[in-house]
Amino acid sequence: MLGYYIDLAVRSLKRTSILTGLMVLALALGIGASMTTLTVLHVLSGNPIPEKSSQLYYPQIDPRDLFDFAPGAEPPRQVTWIDGMNLLRAGRADRQALMTGGNVAIQPTRRTYEPLFEHARFTTAGFFSLFNVPFQYGGPWNASNDEGRDRVVVLSHKLNEILFGGEDSAGQTLRLGGYAFRVIGVLGDWRPNPQFYDLNRQNYNADEGVYLPLSTSQDAGFDHEGDTNCWGNGAGGTALRTNHNDTCVWLQFWVQLDTPAKAATYQQFLVDYSQEQKALGRFQRPPNVRLRGVMQWLDYNKVVPGDVRLQTWLAFAFLLVCLVNTMGLMLAKFMRQQGDLSIRRAMGASHHALFAQLIVESGMVGLGGGLGGLLLALLGLWTIRHRPTQYASLAHLDPTMLLTTFLLAIGASLLAGLLPARRACRVSPALQLRSQ
């Protein structure tokens, strides 16, 4: 029976090709606009580490003085050097890492390459296992390299391609900022979007070429890059590289807690630590801690640009307008078919059969609108990829959004066809046959 309804729908749509074209065009415009913005929102609001996000947490404590104190205010988004090292050495989490971003000057070993500046990650040994970072060659450094302030470095896959032609560079020597470093590993293809572990530099498409021990970066005097918030004496610009500055927050600290019970225990540890530091005279405020998961941290920092959400709402409002227009066109078309519908009704077809026939016809319009909307969405995403935004290169239609395009188009057309179909198939056949 479905095949019969499809055949009737195709014939009907061909007979009114202009009206059919208008319906398909209206639906395609709405689907194209909404799927373009929805795809961008989908990409930007995705889980950057889905296999582990439920186990990763970002601790926050409040070491500030009483100036401008307000009960319940959010604690700083980063930690001081002293607190970061204290939390790291406490070892209360399953895995943990302390880090910040920076820049280093690289002197390539090949004379054909000019010196270059590269974004760097200064971190501790747990970074790679904490975030499931894959390796193409070699491996990460260990805790003894952190303690020994060893000059070892891990390269990104992209930088290794530039400097060593993609070959295994483990064991090679690379000069960073005038110091000789030994390459111990090369990452595989790894660049989470957004860069959830450090939202102080660039949220999307961050490209860090070198990773080296945090302690070593301090000894070498490599520049820290990112937000730095100070209070008290530190507000005057105390140097960060003294490693003893407890009035500036500028480091990120992440932990892995494998169960909710461990997360609750760790949050209590943060409270106890804050009370201990207050008793020692370092902290002046009452314990004020937070322990957010990955997705909570992204939501709290409002990583998805507000204009993207606004554009998505506007696009779906435009789709609603297109649906109203499509509904009006369908009503006009179905009312023109009342003569044919009356004959089928007089020959014994039920109201339900006529309604099913018209709904199938609406679905065919939706299929055509989906194809047109897909082409317009691809064009829209291509346009976005040529815009000067951080996330431009991420604007691609994945299989999930491809399926969503057709489901939305067909669903929208069926919704638009409900009222016209219900109205058209309930006309009395006797009145229509008398008028023939």
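This is a predicted model, so every value here is computed, not measured.

Engineer: Sorry if this is basic, but what is going on with the environment of Asn 200 here?
Structural biologist: Its place among the elements puts Asn 200 in the loop between β7 (179–187) and β8 (210–213). Considering only alpha carbons, one finds Asn 200 and Thr 100, 100 residues apart in sequence, at a separation of 9.2 Å. With near-sequence residues (within four places) excluded, Asn 200 lies in contact with Gln 78, Gly 226, Asp 227 and Gln 252. A distance of 3.2 Å separates polar atoms of two side chains, one belonging to Asn 200 and the other to Gln 78.

Engineer: Looking at this structure, I do not really get the pattern of salt bridges. What am I missing?
Structural biologist: Pairs can form between side chains of opposite charge whenever their charged atoms are close. By the definition in use, this model includes 11 salt bridges. With a shortest N-O distance of 2.9 Å, Lys 262 and Asp 94 are connected by a salt bridge. Within this pair, whereas Lys 262 is found in helix α8 (residues 260–279), its partner Asp 94 is found in the loop between α3 (81–90) and β2 (95–107), the two being separated by 168 residues in sequence. The exposure class assigned to Lys 262 is partly exposed, which follows from its relative accessible area of 36%. Under the relative-accessibility criterion, Asp 94 is labelled partly exposed at 32%.

Engineer: Could you clarify how one ought to interpret helix α13 (residues 399–424) in this entry?
Structural biologist: One turn of the α-helix equals 3.6 residues, which is why residues spaced by three or four share an orientation. The first and last C-alpha atoms of α13 sit 37 Å apart over 26 residues, in line with the 38 Å expected at 1.5 Å per residue. Largest kink in α13: about 35°, centred on Leu 418, with the proline Pro 420 one to four residues after it.

Engineer: Got a minute to help me understand the pairing of β8 in this structure?
Structural biologist: Pairing geometry for strand β3 (residues 116–123) and β8, over 4 bridges, is parallel. Paired with Ala 120 across the two strands is Val 210, which belongs to β8. As defined by bridge partners, strand β5 (residues 152–155) adjoins β8 across 2 bridges and the pair is classed as antiparallel. Residue pairing for β8: Leu 155 is matched across the bridge by Val 210.

Engineer: How should I be thinking about the packing of aromatic side chains in this particular structure?
Structural biologist: Aromatic ring pairs are defined here through the distance separating the ring centres and the angle between the ring planes. Scanning all chains against the criterion turns up 24 aromatic pairs. Between the aromatic rings of Phe 127 and Tyr 211, the centroid separation amounts to 5.9 Å while the plane-to-plane angle is 40°, which identifies the pairing as tilted. Remark: Tyr 211 occurs in strand β8 and Phe 127 occurs in helix α4 (residues 127–130); sequence separation between them is 84 residues. Look at Tyr 179 and Phe 222: their rings are 6.4 Å apart centre to centre, the planes differ by 75°, and that puts the pair in the edge-to-face class. Of this pair, Tyr 179 sits in strand β7 while Phe 222 sits in the loop between α7 (214–220) and β9 (223–224), and the two are 43 residues apart along the sequence.

Engineer: So what exactly am I meant to see when it comes to the packing of α3 against α8 here?
Structural biologist: Between α3 and α8, whose axes approach to 12 Å, the crossing angle comes to 130°. In terms of orientation, α3 and α8 fall into the oblique class. As for the relative orientation of α3 and α8, their crossing is right-handed in sense. Seen from α3, the contacting residues are Asp 83, Asn 86, Leu 87 and Ala 90; seen from α8, they are Tyr 266, Phe 269, Leu 270, Tyr 273 and Gln 277. Its residues assigned to classes, the contact of α3 with α8 comprises 6 nonpolar, 2 polar and 1 charged.

Engineer: Explain the state of the cysteines here, please?
Structural biologist: In a disulfide, the sulfur atoms of two cysteines are covalently bonded to one another. Enumeration according to the criterion identifies 1 disulfide in this entry. Across the disulfide from Cys 230 sits Cys 248; the S-S distance is 1.9 Å. The sign of the S-S torsion, about 110°, decides the handedness of the disulfide formed by Cys 230 and Cys 248: right-handed. Of this pair, Cys 230 sits in strand β10 (residues 229–230) while Cys 248 sits in strand β11 (residues 248–249); the two residues are 18 residues apart in sequence, bridging distant segments of the chain.

Calculation notes
Residues numbered from 1 in each chain as written. Predicted model: local features only at pLDDT ≥ 70, side-chain atom pairs only at ≥ 80, totals over all residues. Heavy atoms only, no water. Helix = DSSP H or I, 4+ residues; strand = E, 2+ residues; numbered from the N terminus. Contact = heavy atoms within 4.5 Å. Polar contact = N/O pair within 3.5 Å; in protein donor to acceptor, adjacent residues only side chain to side chain. Salt bridge = Lys/Arg side-chain N within 4 Å of Asp/Glu carboxyl O. Buried < 20%, exposed > 50% of the residue type's maximum accessible area, 1.4 Å probe, protein only. Expected span 1.5 Å × (residues − 1). Bend = angle between axes of the 7 residues up to and from the residue. Pairing = 2+ DSSP bridges. Phe/Tyr/Trp six-rings, centres within 6.5 Å; stacked < 30°, edge-to-face > 60°. Axes fitted to C-alpha atoms, helices over the stretch in contact; angles between N-to-C directions. Parallel < 35°, antiparallel > 145°, perpendicular 65-115°, else oblique. Left-handed = near helix turned anticlockwise from the far one by under 90°. Nonpolar A, V, L, I, M, F, W, Y, C, P; charged D, E, K, R; others polar. Disulfide = S-S within 2.5 Å.

In short, the description is geometric, and any link to function would need to be established separately.
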